[in-house]
Amino acid sequence: MKGFILGLAVGALGVYAAIKLSDEETREELRSKVSNATSKAKAELDHTLIVGKSKALRAGVRARQEVRKGTKKINEVTADVAGKLAGELSDIEAKAKAKA
């Protein structure tokens, strides 16, 4: 951590000295380069955020589709079991009535 802070301080001091010791044309060129680099970094960050959001939305849609498929399958299985159970109960009821 000390090395990082020391690096920042030395870098800031170097930039300050370069700005103070250079002429106006060189300073303007440095500002232009820094501005271009900043613009490119912002554009890449924005692009990364957009791609990340779209991937997250796609993942959410896929998850909802899978939940719906699972719910549909559970409902189908439940209906099949209920139908079989109803059939068995009606058979038991018919046998009970026959014995009575």
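Everything below is about the structure printed above this text.
A few points on the structure. Source: prediction; values computed, not measured. (Residues numbered from 1 in each chain as written. Predicted model: local features only at pLDDT ≥ 70, side-chain atom pairs only at ≥ 80, totals over all residues. Heavy atoms only, no water.)

Some details on a nonpolar patch on the surface
A cluster of nonpolar residues, Leu85, Leu89 and Ile92, forms a patch on the protein surface that exposes about 300 Å² of accessible area. Considering the arrangement of structural elements, one finds Leu85 in helix H2 (residues 24-99). (Patch = residues over 30% accessible without salt bridge, like charges linked within 9 Å, V, L, I, M, F, W, Y side chains within 5 Å. Areas by Shrake-Rupley, 256 points an atom, 1.4 Å probe, with all protein chains shown as cover. Salt bridge = Lys/Arg side-chain N within 4 Å of Asp/Glu carboxyl O. Helix = DSSP H or I, 4+ residues; strand = E, 2+ residues; numbered from the N terminus.)

Topic: the pattern of salt bridges
All told, the structure shown has 4 salt bridges when counted by the stated rule. Salt-bridge contacts for Glu28 lead to Arg31; the nearest nitrogen and oxygen are separated by 3.4 Å. Here the residue Glu28 and the residue Arg31 both occupy positions in helix H2, the gap between them amounting to 3 residues, near one helical turn. According to the relative accessible area criterion, Glu28 is partly exposed, its value standing at 45%. Look at Arg31 and you get partly exposed, because its relative accessible area is 45%. Across the pair Lys33 and Glu29 runs a salt bridge whose closest N-O atoms are separated by 3.4 Å. Here Glu29 and Lys33 lie together in helix H2, a separation of 4 residues that amounts to about one turn. The exposed category is assigned to Lys33, whose relative accessible area is 52%. According to the relative accessible area criterion, Glu29 is partly exposed, its value standing at 43%. (Buried < 20%, exposed > 50% of the residue type's maximum accessible area, 1.4 Å probe, protein only.)

Such coordinate-based values are descriptive only and should not be taken to indicate function.
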